[in-house]
Amino acid sequence: MGENSQSEAIDEPPSSGKAFLRVVDGRTYQDWEAVYRDNVVGIYHLVFRRVGNPPDAEDLCEEVLLQALRRLRLPAPVHEVRAYLVKTARTVLAEHWRRHYAGGGAEVNIDQMVIKNPSSGDFPEESSATSERAMRILALLPDRFRQVLELRFLRGYSVAEAAREMGVSDSNAKVLQYRALRKAAQVAGELAP
Amino acid sequence: MRRQPQDRVSRFVDDLLKRRRPARFRATSEELEALTAATELAPLKAGVDLPDPRFVARLEDRLRQQLEDPPARSRVWSRRGLLQAAGAAAAAAVVGVTVDRTILNPTGPASESGPLVPNAAQWRPVAALSELPAGKARTFSTGAVQGVIVNDNGKIRALSRVCTHLGCVLQPNVESRSLDCPCHRTVFAWDGSVDRHQLPSRPARLPTIESRVREGQIEVLVV
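Just so you know, these numbers come straight off a predicted model, no measurement behind them.

A.B. asks: Tell me about the environment of Pro203(B), residues and numbers included.
C.D. replies: Residue and element names in this part refer to chain B. Within the secondary structure, Pro 203 sits in the loop between strand E8 (194-196) and strand E9 (208-209). Distance from Pro 203 to Ser 193, taken between C-alpha atoms, is 9.5 Å for residues 10 residues apart in sequence. Once you skip the residues sitting within four places of it in the chain, Pro 203 turns out to touch Thr 164, His 165, Thr 186, Val 194 and His 197.

A.B. asks: Can you break down the state of the cysteines residue by residue, with the values?
C.D. replies: A covalent bond between the sulfur atoms of two cysteines is referred to as a disulfide. This structure, assessed with the given rule, holds 0 disulfides over all chains. Free of any disulfide, Cys163(B) has its nearest cysteine sulfur in Cys181(B), 3.9 Å distant.

A.B. asks: Please set out the nonpolar core residue by residue, giving values where relevant.
C.D. replies: Among the nonpolar cores identified, the biggest contains 76 residues, and Leu65(A), Leu149(A), Phe153(A), Leu181(A) and Leu41(B) are the most heavily contacted of them. Examining the composition of this core, we find that 12 residues originate from one element, helix H1 (residues 32-51) of chain A, more than from any other. Dropping the residues within four chain positions of it, Leu149(A) is found in contact with Leu138(A), Leu141(A), Leu154(A), Gln177(A), Ala180(A), Leu181(A), Ala184(A) and Leu41(B). Val126(B), Val145(B), Ile149(B) and Ile218(B) belong to the second-largest nonpolar core, a separate cluster that totals 15 residues.

A.B. asks: Which residues make up the layout of surface pockets, and what values go with them?
C.D. replies: Empty pockets left among the atoms are what a rolling probe the size of a water molecule brings to light. Put simply, the second largest pocket is a space of about 300 Å³. The wall of the second largest pocket is formed by Gln147(A), Glu150(A), Leu151(A), Leu154(A), Arg155(A), Tyr157(A), Cys183(B), His184(B), Arg185(B), Gln198(B), Leu199(B) and Pro200(B). Split into classes, the residues belonging to the lining of the second largest pocket amount to 6 nonpolar, 3 polar and 3 charged.

A.B. asks: Could you give an account of the sheet that holds strand E6 (residues 178-180) of chain B, naming the residues involved and the relevant values?
C.D. replies: Residues and elements named next belong to chain B. Spatially, the 4 strands line up as an open sheet ordered E5-E6-E7-E8, and their pairing is antiparallel. Sheet topology places strand E5 (171-173) and E8 at the edges, where each strand pairs with a single neighbour. Ignoring which end each strand starts from, the neighbouring axes of this sheet average 35° apart. As defined by bridge partners, strand E7 (residues 187-189) adjoins E8 across 2 bridges and the pair is classed as antiparallel. Paired with Phe 188 across the bridge in E8 is Val 194.

A.B. asks: Provide a residue-level description of the pairing of strand E3 (residues 146-152) of chain B, including the pertinent values.
C.D. replies: Residue and element names in this part refer to chain B. In terms of burial, E3 is a largely internal element, 6 of the 7 residues being buried. Here strand E2 (residues 137-141) pairs with E3 via 5 bridges, running antiparallel. Bridge pairing in E3 links Ala 137 to Val 150. The pairing of E3 with strand E4 (residues 155-160) spans 6 bridges and is antiparallel. Bridged to Ile 149 within E4 is Ala 158. Adjacent in sequence and paired antiparallel, E3 and E4 are bridged by 2 residues, among which Asn 153 carries a positive phi angle near 55°.

A.B. asks: With reference to specific residues and values, describe the side chain of Ser160(B).
C.D. replies: For Ser160(B), the position within the fold is in strand E4. What makes Ser160(B) buried here is its relative accessible area of 2%.

A.B. asks: Lay out the pattern of salt bridges with the relevant residues and their values.
C.D. replies: Inspection of every chain in the model, using the stated rule, returns 25 salt bridges over all chains. Among the salt bridges present, the one from Glu58(A) reaches Arg58(B), with a minimum N-O distance of 3.8 Å. Taken together, the residues Glu58(A) in helix H2 (residues 54-71) and Arg58(B) in helix H4 (residues 53-67) connect one chain to another. With relative accessibility at 18%, the residue Glu58(A) sits in the buried group. The shortest N-O distance in the salt bridge between Asp152(B) and Arg177(B) comes to 3.9 Å. Taken together, the residues span a long stretch of sequence, with Asp152(B) in strand E3 and Arg177(B) in the loop between E5 and E6 at a distance of 25 residues. The structure contains a network of salt bridges with shared partners spanning Glu33(A), Arg37(A), Glu60(B), Asp61(B), Arg64(B) and Glu68(B).

A.B. asks: Tell me about the sheet that holds E2(B), residues and numbers included.
C.D. replies: Working definition: the strands of a sheet are paired by backbone hydrogen bonds and lie parallel or antiparallel to each other. Pairing is antiparallel in the open sheet, where 4 strands are placed in the order E2-E3-E4-E9 (chain B). Every interior strand has two partners, whereas the edge strands, E2 and E9 of chain B, have only one.

Calculation rules
Residues numbered from 1 in each chain as written. Chains lettered and ligands numbered in written order. Predicted model: local features only at pLDDT ≥ 70, side-chain atom pairs only at ≥ 80, totals over all residues. Heavy atoms only, no water. Helix = DSSP H or I, 4+ residues; strand = E, 2+ residues; numbered from the N terminus. Contact = heavy atoms within 4.5 Å. Disulfide = S-S within 2.5 Å. Core = buried A, V, L, I, M, F, W, Y, C linked by side-chain atoms within 4.5 Å. Buried < 20%, exposed > 50% of the residue type's maximum accessible area, 1.4 Å probe, protein only. 1 Å grid on protein atoms, 1.4 Å probe; cavity = no way out; pocket = protein on both sides within 12 Å on 5 of 7 lines; lining within 4 Å. Points joined across faces, edges and corners; volume = space filled by probe spheres on them. Nonpolar A, V, L, I, M, F, W, Y, C, P; charged D, E, K, R; others polar. Pairing = 2+ DSSP bridges. Axes fitted to C-alpha atoms, helices over the stretch in contact; angles between N-to-C directions. Salt bridge = Lys/Arg side-chain N within 4 Å of Asp/Glu carboxyl O.

Okay, structure coming up:
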């Protein structure tokens, strides 16, 4: 590396990518600190995408890591540890949604609706993939649905501002947003994780 | 008056957009469907979040207290340790640059945190100094890092070329001496600061990449 002398096109270096950032040597975690350092950001992302706000994401990230690290027997292979972390995250997320949002008839659907995707195969999720996925979801929506969600989620408009932009009443904008989100959930369910 | 589903869901969205913990309520299946979609779309506004570095350090301390017998000792995270922690998510070094900015310097803009020095970084030549007269910019890519070098009135500077909003690749604009985002009309100055934007909240400035001139070559410290 380092032999390239021109800009515009430094080609792929021989060993670019993740290797230098790995805390473990080989494919085994020796201690909990190695597990933590290698996975805390990935778990945070996994959780964040399913709660959508930092305070909940921090609480649940802590819960997942505490639960998993208490039970893990180390040293253990990386893929086994990650599978266990993801499994724990599923349980913790389901419990979070059940505890705070169940009771109105949503109980039976929580597992499949909230926790559908995470699997150890795609963990850790790449941070850029979350935004790309959200953009893909928007792109697949009918025009009015996409418009209201873009105004809200991309441009941060209030309901009143979005309503004005779309030439509808505030209450109509809320209904449109609600329907658009339900449609987005269906679209998301059909997309690959 | 009892709130309607669209009101409850709208309030939930308001909370997500303000990055605060949303109100809890008993949701129907239809409402839950809408809420889960909202959580997936929430990162669109602020970009994808990395955890607050203070949280990462605090949590490690708490885990140590819980998992180890001896009383916890406060631990200061090293730059290397933080990069390693961030490594799981930093699939691309572009993300790594952002990680460096965000995790190592939570309170200040990128330029104050010092340049990125990844563990396995190497000085790599990207252009001859003579190819970059004052007022010119050149892009470079290592496959992992998308960057740009600029000659800003004689000062050579290297920056990440990835918009800190949603990760679109910025286009150098020599006339206005700026880096322009093709996605949302965000414009960064050649020192990495945000010149103008139309976003609801101001995006972070661009991370710098360490650079030097050696034997007539401009070199950047990258992976």
